[in-house]
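# Summary of the model geometry
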Amino acid sequence: MNTVPGPSTISKVLATLAAVVLTIGLGLVDYVTGREWAISALYLLPTCLTGWVAGRSAGFAVGALCTGVWFLSDILGGPAYQHPLIPVWNAIMLFVFFFVVVWLLTAFRSSHYYLEQTVECRTAALRSEIEERKRLEHAKLQAERLAMVGSMAAQVAHEIRNPLGSISLNLDLIGEELRIFVKSNGRSAGECQVLLGEMRSQVLRIRQVLQEYLRFARMPKSERAVVSLKGFLEEKLNFVQPLLDQKHVDLRRTLDPNLPPVHADADQLWEALLNLIRNAVDAMPDGGNLTVSARRNGADALVSISDSGHGMTDEEAENLFVPFFTTKSDGTGLGLAYAQQVISEHGGRIDCATARGKGSTFSIQLPLAVGA
């Protein structure tokens, strides 16, 4: 529970000094006027001020001071009582009254601060719950959209794949016929070969896009097993090291050797991480630093992939995991959406922090294996 800050030490000291000065002033007035003005009730002002600001102990002390000042002014400035113990009794009753007032006032003050604490904590909890509900509703809506888009993409891909295969086969037949024609007539067919090669490359590009659509729409059920992230990342990062060297990217690894294992599908997890690594490399066309770290974060494993690239604009960051949104001329916009889908299927979460001109950091939280 958060603590509501009370008065500072300086405020307490100043309030106590002011109460002491006020008490002495009231005592002088009481002494000068005798019992004519009957200002005994005004001694509540310094007592209550000190009790409210400085606390119960200081309030009791000032209450005792007020009682003493009143007693002295009453004895010295007023006529004699019929019995010498009457002023003593009055002083005792006055102190008891101050004691009760200070006790009740400080109890009310504590209740007031406790109520502020409760309201603040419950407001924060309610705000957090509202934000979490919004996030879950957004995730649910996005999942429904992805399911619909995935179904449509799978259907379109299925309809296109068969005629695309026929086109590819006919291109091969045309190429074979062209080679036979060239051999029989002794003519050059370089321009035709270039055109056929371009057509084949475009067909291959369409086929790759269709495969990505189908993979996204029909992601197989994960086959999870206990995976040691340190060994897993060491092996996979060694695999991509030649690509990083080719792109002049310096790889830095910070892998906790004591990190407990996770329960994951190694193939799907690596596809998700590989998408992030490729995006990081693309963000550093002139080379840079790629940092991969893995450590424990409570009951989760935290995997971070950071680059020193150009970062993202606000629009790019906002649409980061939106399917089919891409800034690449040859991209499908499904890589990050697929990565998010994989991490969500594993009960994890993926976030991104980016700064224009400074790079981006993707953070993945995965629950640790049971008993880790």
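## Examining helix α7 (residues 266-282)
- For α7, built from 17 residues, the straight-helix expectation of 24 Å at 1.5 Å per residue is met to within 8% by its first-to-last C-alpha distance of 24 Å.
- Turning to α7, its buried residues are Q268, L269, W270, A272, L273, L274, N275, L276, I277, A280 and V281.
- Where α7 begins, the capping side chain belongs to D265, and its oxygen is found 3.1 Å from the backbone nitrogen of D267.

## Some details on helix α6 (residues 229-246)
- Here α6 is 18 residues long and its end C-alpha atoms lie 26 Å apart, about the 26 Å a rise of 1.5 Å per residue gives.
- Maximum bend of α6: about 45°, positioned at V240, with proline P242 one to four residues after it.
- Looking at α6, one finds that the buried residues are L229, F232, L233, K236, L237, V240 and L244.
- Where the residues of α6 are buried, they touch β1 (225-227), β2 (249-255), β3 (262-264), α7, β4 (288-297) and β5 (300-307).
- H248, located one to two residues past α6, shows a positive phi value of around 60°.

## With respect to the confidence of the model for the protein
- Looking at the protein, the pLDDT average stands at 81 and 84% of residues meet or exceed 70.
- Mean pLDDT per element in the protein: helix α5 (residues 190-217) is the minimum at 72, and β5 is the maximum at 93.

## Observations regarding the nonpolar core
- By size, the foremost hydrophobic cluster in this structure holds 38 residues, and its most contacted members are L273 and L290.
- Of all the secondary structure elements, the ones that give two or more residues to this core are α6, β2, β3, α7, β4, β5, α9 (335-345) and β7 (359-367).
- Considering every element that reaches this core, the biggest residue donor is α7, with eight residues.
- Setting aside residues no more than four positions away along its own chain, L273 makes contact with F232, L233, V303, I305 and I364.

## Looking at the sheet that holds β7
- Ordered by their spatial adjacency, five strands build an open sheet running β2-β4-β5-β7-β6, and the pairing between neighbours is mixed. Of all strands in the sheet, those bounded by a partner on one side alone are β2 and β6 (349-355). With direction set aside, neighbouring strand axes in the sheet form an average angle of 15°.
- Pairing analysis gives seven bridges linking β6 to β7, with the strands arranged antiparallel. Note that in β7 the partner of A353 across the bridge is T361.

## What about the packing of aromatic side chains?
- Per the stated rule, a full pass over the model turns up six aromatic pairs.
- An angle of 25° between the planes, with centres 6.2 Å apart, marks the rings of F99 and W103 as stacked. You can see F99 and its partner W103 sitting in helix α4 (residues 86-185), four residues apart, about one turn around the helix.
- Classification of W103 as partly exposed rests on a relative accessible area of 41%.
- Connected via pairs of aromatic rings, a cluster forms that spans F60, F95, F99 and W103.

How each quantity is defined
Residues numbered from 1 in each chain as written. Predicted model: local features only at pLDDT ≥ 70, side-chain atom pairs only at ≥ 80, totals over all residues. Heavy atoms only, no water. Helix = DSSP H or I, 4+ residues; strand = E, 2+ residues; numbered from the N terminus. Expected span 1.5 Å × (residues − 1). Buried < 20%, exposed > 50% of the residue type's maximum accessible area, 1.4 Å probe, protein only. Polar contact = N/O pair within 3.5 Å; in protein donor to acceptor, adjacent residues only side chain to side chain. Bend = angle between axes of the 7 residues up to and from the residue. Contact = heavy atoms within 4.5 Å. pLDDT = per-residue confidence, 0-100. Core = buried A, V, L, I, M, F, W, Y, C linked by side-chain atoms within 4.5 Å. Pairing = 2+ DSSP bridges. Axes fitted to C-alpha atoms, helices over the stretch in contact; angles between N-to-C directions. Phe/Tyr/Trp six-rings, centres within 6.5 Å; stacked < 30°, edge-to-face > 60°.

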